[in-house]
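What the coordinates show
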Amino acid sequence: MRLTRSLIPTLKENPAEAQIVSHRLMLRAGMIRQQSAGIYAWLPLGQRVLSRIAAIVRDEQNRAGVQEILMPTIQSADLWRESGRYDAYGPEMLRIRDRHDREMLYGPTNEEMVTALMRDNVQSYRDLPQMLYHVQWKFRDEVRPRFGVLRGREFLMKDGYSFDQDQAGAVASYRRMMLAYMRTFRRLGVRAIPMRADTGPIGGDLSHEFHILAPTGESGVFYDSAFEAIDLGSDSYSYERPEDLDAFFAQMTGLYAATDEKHDPAAWGQVAEADRREGRGIEVGQIFYFGTKYSETMGFTVVGPDGAKIHPEMGSYGIGVSRLAGAIIEASHDQAGIIWPDNVAPFRAAILNLRQGDAVTDGLCEQIYARLSEQDLGDQALYDDRPARAGEKFADADLLGHPWQIIVGPRGAANNQVELKRRETGERSELSLEDALVRVLS
Ligand code: 5CA
């Protein structure tokens, strides 16, 4: 994309309404704009990040054998009356009436709908287990929407659901999903620690939250420092071997890690003092095992192995896709701006033309831009082709956080040389055009 043709409305000043760094940087980088309290429009740069995060989430769900579906945002109140949650959910639920005066709602989550879908389409234990997910907008009328996309009212979630014929199967599904989550967060370039958690309005008695450590996190977290040395989501575990899932789960839950709601001072006392870490975390995902809570209330049965009807055992599994865009920035930024992990960066590189209008620098920049825009690569470079000062281009590239900056000045360009800067380390090197492209694309 050429910067002169893009809608990337960067801001020089810190917006007064933003209290935390990710919100400030998302506004300053022109990623999002608020439309109403807790409701945001995603501009091109923000949308690119959101879709990269969603693509990684989808890929890891698919690898774990979870099937993608798409359920609507608008649901009927009657469906929620079946589980008893229509009244229980309270003012966080946005209730709507259609032109026929039918009661509808904007979905805050989808346990009821997915249970009804399974109830209407699956009759036998032979059709289980099943795991389904979708990536869809949710609405929760939060009392205090704040911190930009971290606590919005409208937000993008990946929510998944598992159905098994018995508890052992449901526990295996839960472990499988936990592994998928750890792999997802690793690919997103962040470290997230699974912590014992409360179940809240979803229900059930087994739940983990996944927390990215950041001083601005809304939850207090307590964990064993041994987590810092673990290869979280290691490739050595296979989904196909049940013993691997058990070993993985034992590794994740064998060390102390809990949010303040589940903190257990007695168990904490067992952790060596030097290994105790206390801090704050941003919850980017939560998984729940809740047994037959919905299959019972909603009358979902299948014929079991001995011919008698059984209620399938369920779990649900959420990832905050839009929250992750902010959480990644909380975990990865500096004074100058965002530092995108490679896999979620909106562009792999910025091309900074330090003398726009000079035939030689323009020519070299166009050449680099064409190479980084070739079809099989997609649209990998943001070409800063503005007739602006070098200082302004450097500042904006640092703010936007591209992993690489390819800096093209007239002296180097005359010899086909560019300067390559790695945003994360600030390291710069003078390279030929070809060598720079190899590094950017590796
Ligand atoms: N039905 C279950 C799992 S599918 C569920 O709704 N779980 S949840 O309530 O924990 O939400 C899942 C994830 O969505 C959370 O871990 C969080 O990352 C994200 N999330 C929840 N509320 C918000 C919000 N107001 N703004 C942004 N993200 C949110």
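Our subject is the structure listed above.
Since this is a predicted model, take the numbers as computed values, not measurements. (Residues numbered from 1 in each chain as written. Predicted model: local features only at pLDDT ≥ 70, side-chain atom pairs only at ≥ 80, totals over all residues. Heavy atoms only, no water.)

**A few points about the overall build of the chain**
Along its length, the chain carries 14 helices and 23 strands. For 442 residues, the compact-globule formula gives about 22 Å, and the C-alpha radius of gyration of the chain, at 24 Å, lands near that figure. C-alpha extents for the chain along the principal axes are approximately 80 × 60 × 40 Å. Counting the 442 residues in the chain, one finds 55% classified as buried. By element, 47% of the accessible surface of the chain is carried by carbon and sulfur atoms, the whole surface being about 19000 Å². Distance from the positive charge centre (52 side chains) to the negative charge centre (64 side chains) of the chain: 4 Å. (Helix = DSSP H or I, 4+ residues; strand = E, 2+ residues; numbered from the N terminus. Rg over C-alpha atoms; globule rule 2.2 N^0.38 Å. Buried < 20%, exposed > 50% of the residue type's maximum accessible area, 1.4 Å probe, protein only. Areas by Shrake-Rupley, 256 points an atom, 1.4 Å probe, with all protein chains shown as cover. Lys, Arg positive; Asp, Glu negative; His and termini not counted. Charge placed at Lys NZ, Arg CZ, Asp CG, Glu CD.)

**Notes on the nonpolar core**
Met 31, Ile 53 and Phe 185 are the most contacted members of the largest nonpolar core, which has 79 residues in total. For this core, the domains that each give at least three residues are domain 1 (3-338) and domain 2 (349-441). Beyond its immediate sequence surroundings of up to four residues, Met 31 is in contact with Met 26, Ala 41, Trp 42, Leu 43, Leu 45, Gly 46, Val 49, Ile 329, Ile 338 and Trp 340. Residues Met 93, Phe 288, Phe 290 and Met 298 belong to the second largest nonpolar core, which totals 25 residues. (Core = buried A, V, L, I, M, F, W, Y, C linked by side-chain atoms within 4.5 Å. Domains from an automatic or database assignment. Contact = heavy atoms within 4.5 Å.)

**Considering the sheet that holds strand E22 (residues 417-422)**
Across the sheet, which stays open at both edges, the five strands sit in the order E20-E19-E21-E22-E23 with mixed pairing between neighbours. In this open sheet, the two edge strands, each paired with only one partner strand, are strand E20 (381-384) and strand E23 (428-432). Within this sheet the neighbouring strands show an average axis-to-axis angle of 25°, counted without direction. In this sheet, E20 lies alongside strand E19 (residues 349-353) in parallel orientation, the contact comprising four bridges. For Leu 352, the partnering residue across the bridge sits in E20 and is Asp 384. Against the sheet, helix H12 (residues 390-400) contacts E19, E20, strand E21 (404-408), E22 and E23, and its axis sits at roughly 175° relative to E19. Relative to the sheet, helix H14 (residues 433-441) contacts E19, E21, E22 and E23, its axis offset from that of E23 by approximately 120°. (Pairing = 2+ DSSP bridges. Axes fitted to C-alpha atoms, helices over the stretch in contact; angles between N-to-C directions.)

**Things to note about the site of the ligand**
For the ligand, the set of nearby residues contains 22 residues, the closest of which are Thr 109, Glu 111, Arg 140, Glu 142 and Glu 283. Taking Glu 111, its side chain carries an N or O atom lying 2.6 Å from a nitrogen atom of the ligand. Here an oxygen atom of the ligand sits 2.4 Å away from a polar atom, N or O, in the side chain of Glu 283. Isolated, the ligand exposes 600 Å² of accessible area, and the fraction of that covered by the protein chains is 96%. Put simply, the parts of the chain that give the shell around the ligand at least two residues each are strand E8 (154-164), strand E13 (276-291) and strand E16 (313-320). Residues that form the shell around the ligand fall into these classes: eight nonpolar, seven polar and seven charged. (Near = heavy atom within 4 Å. Polar contact = N/O pair within 3.5 Å; in protein donor to acceptor, adjacent residues only side chain to side chain. Nonpolar A, V, L, I, M, F, W, Y, C, P; charged D, E, K, R; others polar.)

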